[in-house]
Amino acid sequence: RKNAMNRYVNILLVSVLTAAGQATAADYLQAKGSSLAFSGKYQGEAFNGSFPGFSTTLRFDPAKLAGSKLDVNIPLATATTRNADYDTELRGGAFFNSGKFPQARYTAVKFRALGGNRFAADGMLSLRGVSKPVTLNFSWTPGASPVLNGTAVVKRLDFGIGTGDWADVSVIPNEIRINTKVLLQAKPYASHCLSRSASNGQSSSASPCRNTGTRAP
C-alpha cells in the first residue's frame, strides 16, 4: 500500500507540473521599461511622442501561433510629445479627444510567421470610436524575459485624428509611425497554482488554475 501511495503521489506531481506549465508557459504581462511611441511630421519638421501609461498582455508561442493573443490598452490622456503646446492640442477635440474617448485599444488574435524571429499580428485598433485593421510587424526575442519589438503604420484620418484644418496632409501626413518595445514577464500564477494544487492533494484536472488563463487568488 505504501508503494502504491508513493506511485500515486509521483504521478500527481508530474500531472500538476505538466498542467501548470501548459497553462502558463506562453502567458505574459508587460514589465517595466517598455515603451510605445509615435512619430510623424508637422509642416515638414519631425515630431515624436509616446504613451507612457500603456499596458500589454500577451499569449504567444512561436510554435503555436493559432492560440496567440495580444491586447494593448492605451490611455490617451497620457499622450505626450514633451511640448506643452503640442500636447494640449493632441489631447483636445481635434485629435485624440481624450475627454470623450479616454482609451484606445489594440487587439490581435491572428498571427503570421515572417521567417526567423519575425512575425506579424493582424489586429484591430479601436480609437475615437472607430475600429480599423492595423498590422503590427515585430521581432521576438525569446527567453525567461522575452522582448517584443514592433512597428506599425496608422492612417490617422481613418480614425478622425486631426479634424478641420488639421486634416490637411500637407501639414501633417496621414501616415503616423508606431514603434513599441515591450519587455515581458511570465504571469505569476504558475508557481502558485503548482504549490496550491500539490498541498491540497488535487489532481491536475481539479486544479483551480488549469487552463483558465487567470491568476489564482
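As shown above, the structure is provided for reference.
Residues numbered from 1 in each chain as written. Predicted model: local features only at pLDDT ≥ 70, side-chain atom pairs only at ≥ 80, totals over all residues. Heavy atoms only, no water.

### Things to note about the nonpolar core
Judged by nonpolar contacts, the single largest core of 41 residues is most densely connected at Tyr-106, Phe-138 and Trp-140. Listed by contribution, the elements that provide at least two residues to this core are strand 2 (35-42), strand 5 (69-75), strand 6 (103-115), strand 7 (118-127), strand 8 (130-141), strand 9 (147-155) and strand 10 (175-186). Excluding residues within four positions of it along the chain, Phe-138 makes contact with Phe-60, Phe-111, Asn-117, Arg-118, Phe-119, Ala-120, Ala-121, Leu-148, Asn-149 and Gly-150. (Core = buried A, V, L, I, M, F, W, Y, C linked by side-chain atoms within 4.5 Å. Buried < 20%, exposed > 50% of the residue type's maximum accessible area, 1.4 Å probe, protein only. Helix = DSSP H or I, 4+ residues; strand = E, 2+ residues; numbered from the N terminus. Contact = heavy atoms within 4.5 Å.)

### Notes on the side chain of Thr-80
Position of Thr-80 relative to the elements: it lies in the loop between strand 5 and helix 2 (84-91). According to the relative accessible area criterion, Thr-80 is buried, its value standing at 18%. A polar contact of 2.8 Å, which involves the side chain of Thr-80, links it to the side chain of Asp-87. Once residues lying within four places of it in the same chain are set aside, the contact partners of Thr-80 are Phe-38, Asn-48, Gly-49, Ser-50, Pro-52, Asp-87 and Arg-91. (Polar contact = N/O pair within 3.5 Å; in protein donor to acceptor, adjacent residues only side chain to side chain.)

### Overview of the pairing of strand 1 (residues 27-30)
Relative to strand 4 (residues 55-59), strand 1 runs antiparallel, the two sharing three bridges. Directly across from Asp-27, in strand 4, lies its bridge partner Arg-59. The pairing of strand 1 with strand 10 spans three bridges and is antiparallel. Looking at strand 10, one finds that Leu-29 is bridged to Gln-185. (Pairing = 2+ DSSP bridges.)

### Notes on the environment of Ala-26
Locating Ala-26 in the fold gives a position in the loop between helix 1 (2-24) and strand 1. Its relative accessible area of 16% is what places Ala-26 among the buried residues. Each C-alpha atom of the pair Ala-26 and Lys-69 lies 10.0 Å from the other, and the pair is 43 residues apart in sequence. If near-sequence neighbours (up to four positions away) are discounted, Ala-26 is found in contact with Leu-58, Arg-59, Phe-60 and Asp-61.

### Considerations on the pattern of salt bridges
Summed over the entire model, instances satisfying the criterion amount to three salt bridges. Residue Asp-71 is joined to Arg-105 by a salt bridge in which the shortest nitrogen-to-oxygen separation is 2.5 Å. Here the residue Asp-71 occupies a position in strand 5, and Arg-105 occupies one in strand 6, the gap between them amounting to 34 residues. By relative accessible area, Asp-71 is classed as buried at 11%. Residue Arg-105 is classed as partly exposed on the basis of its relative accessible area, which comes to 40%. With a closest N to O distance of 2.7 Å, Arg-112 and Asp-122 form a salt bridge. (Salt bridge = Lys/Arg side-chain N within 4 Å of Asp/Glu carboxyl O.)

### Regarding the pairing of strand 5
Among the seven residues that make up strand 5, five are buried, leaving the element largely enclosed by the rest of the structure. As paired elements, strand 4 and strand 5 share five bridges and run antiparallel to each other. Across the sheet, Arg-59 pairs through a bridge with Lys-69, a residue of strand 5. When strand 5 meets strand 6, the two strands line up antiparallel, connected through six bridges. When the bridges of strand 6 are listed, Asn-73 appears paired with Arg-105.

### Observations concerning the packing of aromatic side chains
Taken as a whole and assessed by the stated rule, the structure comprises twelve aromatic pairs. Taking the centre distance of 5.7 Å and the plane angle of 25° together, the rings of Phe-119 and Phe-138 count as stacked. Highlighted residues: Phe-119 in strand 7 and Phe-138 in strand 8, separated in sequence by 19 residues. Of the residues examined, Phe-119 reaches a relative accessible area of 5% and is grouped as buried. (Phe/Tyr/Trp six-rings, centres within 6.5 Å; stacked < 30°, edge-to-face > 60°.)

### Describing unusual backbone geometry
Despite not being glycine, Gln-43 shows a phi value in the positive range, around 50°. Among the secondary structure elements, Gln-43 is positioned in the loop between strand 2 and strand 3 (45-50). Take Gln-43: its relative accessible area is 56%, and that puts it in the exposed class. Positive phi is not limited to glycine here, since Asn-97 has a value of about 50°. Within the element layout of this structure, Asn-97 appears in the loop between helix 2 and strand 6.

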